Amino acid sequence: MAENKKPSLWDRMLGRTQAPAEPTPPADDQDSRDAAPPEMQVEWVEKGHPGAPEREPPTPEDVTDPLEHPDAIEDEITGDPEAPAEGSEPEPAPPAPGQAEKPRNWFQRLSDGLKRSSDNLSNSIGAIFTKRRLDEATLQDLEDTLIAADLGIDTAMAITDRLRAEKFDKDISTDDVREVLAAEVESVLGPVAEPLAIDPGKKPFVILMVGVNGSGKTTTIGKLTAKYKAEGRSVLLAAGDTFRAAAVEQLQVWGQRNDVEVLTRPTGADASGLAFDAVAKAQETGTDIVIIDTAGRLQNRSELMDELEKIIRVIKKRDATAPHATLLTLDATTGQNALNQVEIFGQKAGVTGLVMTKLDGTARGGILVAIARKFGLPIHFIGVGESIGDLEPFSAADFARAIAGRE
Ligand SMILES: Nc1nc2c(ncn2[C@@H]2O[C@H](COP(=O)(O)OP(=O)(O)OP(=O)(O)O)[C@@H](O)[C@H]2O)c(=O)[nH]1
Ligand SMILES: [Mg+2]
């Protein structure tokens with residue numbers, strides 16, 4: 001790659017000598033699962049989940065109400081949940097705990113993960129700030145750069161307004177810009193960086209995991225389970241993605257790894273009945289936390305979103321206060337479409353908090369800032385890898401420093 005500009009000392013100290021090539025996913029790229037070939041994505045849109053039997057959207061009549069038909073639910077459970085559906089491929093096994101690369105501290109992993117986002121910003125900022133004094137044209141270029149980095153128009157303008165107020169026609173360095181960028185990002189993210197509080201008065205504390213396909217729901221459940229187990233809490237998992245045997249097996253692998261029970265049902269069974277049973281079982285056994293996995297669904301598939309509403313309705317029949325947390329997993333590589341996901345899942349499923357996954361190696365991490373500013377929903381965790389330990393409580397200051405490329 002031809003370099004048109006000598007890297008700054010700061011860039012060289014960080015080993016940033018080249019602008020990274022950034023493949024930009026299409027704006028409507030909604031299934032960002034790495035391994036999913038385009039034809040599978042089309043199949044999902046048209047038929048439901050890849051590997052799933054073709055199905056009609058569930059109607060209220062064809063879904064068994066667990067309160068009215070408890071026996072029918074029992075019958076379904078006693079089927080063979082282990083039997084994989086014909087033709088279904090098992091999910092790739094998640095990496096084992098010890099398999100992660102050598103331990104680095106958390107901030108290092110976050111800033112490495114966000115390196116492509118911060119490099120893009122750094123390189124662009126470096127290219128813009130060639131003059132020593134800050135003028136209007138430079139501010140305009142900076143605003144465009146910040147918008148292109150998915151930070152959102154409001155944040156971009158807040159940054160340029162602040163620089164205009166403080167530095168117009170004065171000497172300015174790229175470090176000054178990074179400092180203002182980090183401060184503004186932190187001020188947006190600070191109020192939404194909220195730990196997920198497990199209310200011990202809710203027993204079980206019911207967590208429902210929702211999101212588009214491939215966004216990291218099942219993996220996040222595995223990682224969360226490890227955290228809660230390490231805190232001495234008991235956990236029951238419900239394999240609510242009943243469309244694919246492979247999805248059930250994937251959760252079972254995480255269950256084995258964490259030594260927790262995974263409640264399953266045969267492929268094609270009603271997910272809401274399973275969710276109901278999971279809450280009931282946890283109530284009977286005094287389990288602290290139930291985490292319910294769901295099938296990935298695109299937010300524009302209204303019949304699938306209705307099904308999510310039904311799962312919630314049925315859970316409430318067992319505990320009117322549940323689910324106590326409805327977490328939306330967002331794939332950081334998705335870009336602008338994540339805004340629409342938050343909006344629709346928020347309306348339909350009453351999302352209470354966000355988990356942003358795949359912040360390792362994305363150039364689109366800035367979207368988290370736009371989401372925080374627009375929706376103000378709590379951001380509980382971020383995922384920076386596929387391994388069991390790659391989930392951390394969200395820290396606004398760390399994220400801001402990492403994306404602004406500040407050490
Ligand atoms: N690099 C990286 N990969 C992740 C992260 N979280 C999940 N993944 C990977 O993303 C892929 C999809 O993750 P899943 O947990 O299966 O996603 P899902 O939302 O359950 O998918 P569906 O059940 O198909 O809707 C898997 O290959 C995961 O290993 C993360 O934080 N970083
Ligand atoms: Mg899944």
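On a predicted model such as this, the values are computed, not experimentally measured, just so you know.

Reading the values: rules and limits
- Residues numbered from 1 in each chain as written.
- Chains lettered and ligands numbered in written order.
- Predicted model: local features only at pLDDT ≥ 70, side-chain atom pairs only at ≥ 80, totals over all residues.
- Helix = DSSP H or I, 4+ residues; strand = E, 2+ residues; numbered from the N terminus.
- Buried ≥ 20, exposed ≤ 12 C-beta atoms within 10 Å, placed from the backbone.
- Core = buried A, V, L, I, M, F, W, Y, C linked by C-beta atoms within 7 Å.
- Domains from an automatic or database assignment.
- Contact = placed C-beta atoms within 7 Å.
- Pairing = 2+ DSSP bridges.
- Axes fitted to C-alpha atoms, helices over the stretch in contact; angles between N-to-C directions.
- Expected span 1.5 Å × (residues − 1).
- Near = placed C-beta within 6 Å.
- Nonpolar A, V, L, I, M, F, W, Y, C, P; charged D, E, K, R; others polar.
- pLDDT = per-residue confidence, 0-100.
- Parallel < 35°, antiparallel > 145°, perpendicular 65-115°, else oblique.
- Left-handed = near helix turned anticlockwise from the far one by under 90°.

Caption draft 1: Focus on the overall build of the protein chain. A tally of helices and strands in the protein chain yields 15 helices and 8 strands. Each of the 407 residues in the protein chain was classed as buried or not, and the buried ones make up 48%.

Caption draft 2: Highlighting the nonpolar core. Formed by 96 residues in total, the largest nonpolar core has its most connected members in Ile207, Leu237, Ala238, Ala275, Ala278, Val290 and Ile291. Each of domain 1 (75-82 + 89-94 + 197-397) and domain 2 (105-191) accounts for three or more of the residues forming this core. Leaving out residues up to four positions away in the same chain, Ile291 has contacts with Ile207, Met209, Ile221, Leu224, Thr225, Val235 and Leu237.

Caption draft 3: Quick look at the sheet that holds strand S1 (residues 205-210). Reading across from one edge, S3-S2-S4-S1-S5-S6-S7-S8 is the order of the 8 strands in this open sheet, with mixed pairing throughout. Both edges of this open sheet fall to strand S3 (261-263) and strand S8 (391-393), since each of them pairs with a single strand only. Within this sheet the neighbouring strands show an average axis-to-axis angle of 25 degrees, counted without direction. Of the pairings in the sheet, the one linking strand S5 (residues 325-331) to strand S6 (residues 353-357) comprises 5 bridges and is parallel in character.

Caption draft 4: Examining helix H10 (residues 245-258) more closely. With 14 residues, H10 extends 20 Å between its outermost C-alpha atoms, agreeing within 8% with the 20 Å of an ideal straight helix rising 1.5 Å per residue. Restricting attention to buried positions, one finds in H10 the residues Ala245, Ala246, Ala247, Val248, Gln250, Leu251, Trp254, Gly255 and Asn258. For H10, the secondary structure elements touched by its buried residues are helix H9 (217-230), strand S2 (235-238) and S3. Among the residues trailing H10, Asp259 stands out with phi positive, at a value near 55 degrees.

Caption draft 5: Geometry of the pairing of S2. Side chains Val235 and Leu237 project from S2 onto one buried face, and the interleaved Leu236 and Ala238 project onto a second face that is buried too. Note that S2 and strand S4 (residues 289-292) share 4 bridges and pair parallel. In the strand pairing of S4, Leu236 is matched with Val290. Direction of pairing for S2 relative to S3: parallel, over a ladder of 3 bridges. Bridge pairing links Leu237 to Val262 in S3.

Caption draft 6: Seen up close, the site of ligand 1. Around ligand 1 sit 23 residues in total, of which Gly216, Thr218, Thr219, Gly296 and Gly383 are the nearest. With 3 residues, H9 is the single largest residue contributor to the shell around ligand 1. Broken down by class, the residue content of the shell around ligand 1 amounts to 3 nonpolar, 12 polar and 8 charged.

Caption draft 7: Structural detail: unusual backbone geometry. Following Lys203, the chain continues into Pro204 via a peptide bond in cis, with omega recorded as 5 degrees. Here Pro204 lies in the loop between helix H8 (174-189) and S1.

Caption draft 8: Up close: helix H11 (residues 271-285). End to end, H11 covers 21 Å across 15 residues, agreeing with the expected 21 Å (1.5 Å per residue, within 8%). Turning to H11, its buried residues number three or more, namely Ala271, Ser272, Gly273, Leu274, Ala275, Phe276, Asp277, Ala278, Val279 and Ala282.

Caption draft 9: Region of interest: the confidence of the model for the protein chain. With 74% of its residues at a pLDDT of 70 or more, the protein chain shows a mean pLDDT of 79. Segment residues 1-102 is flagged for pLDDT under 50; beyond a separation of four residues in sequence, or across chains, it makes 132 contacts in the model.

Caption draft 10: The packing of helix H12 (residues 302-318) against helix H13 (residues 337-349), seen in detail. Relative orientation of the contacting elements H12 and H13 amounts to 40 degrees, with a least axis distance of 9 Å. Here H12 is positioned oblique relative to H13, judged by the angle of their axes. H12 and H13 meet at a crossing whose hand is right-handed. Seen from H12, the contacting residues are Met305, Leu308, Glu309 and Ile312; seen from H13, they are Ile344, Lys348 and Ala349. Among the residues making up the contact of H12 with H13, the classes are represented as 5 nonpolar, no polar and 2 charged.

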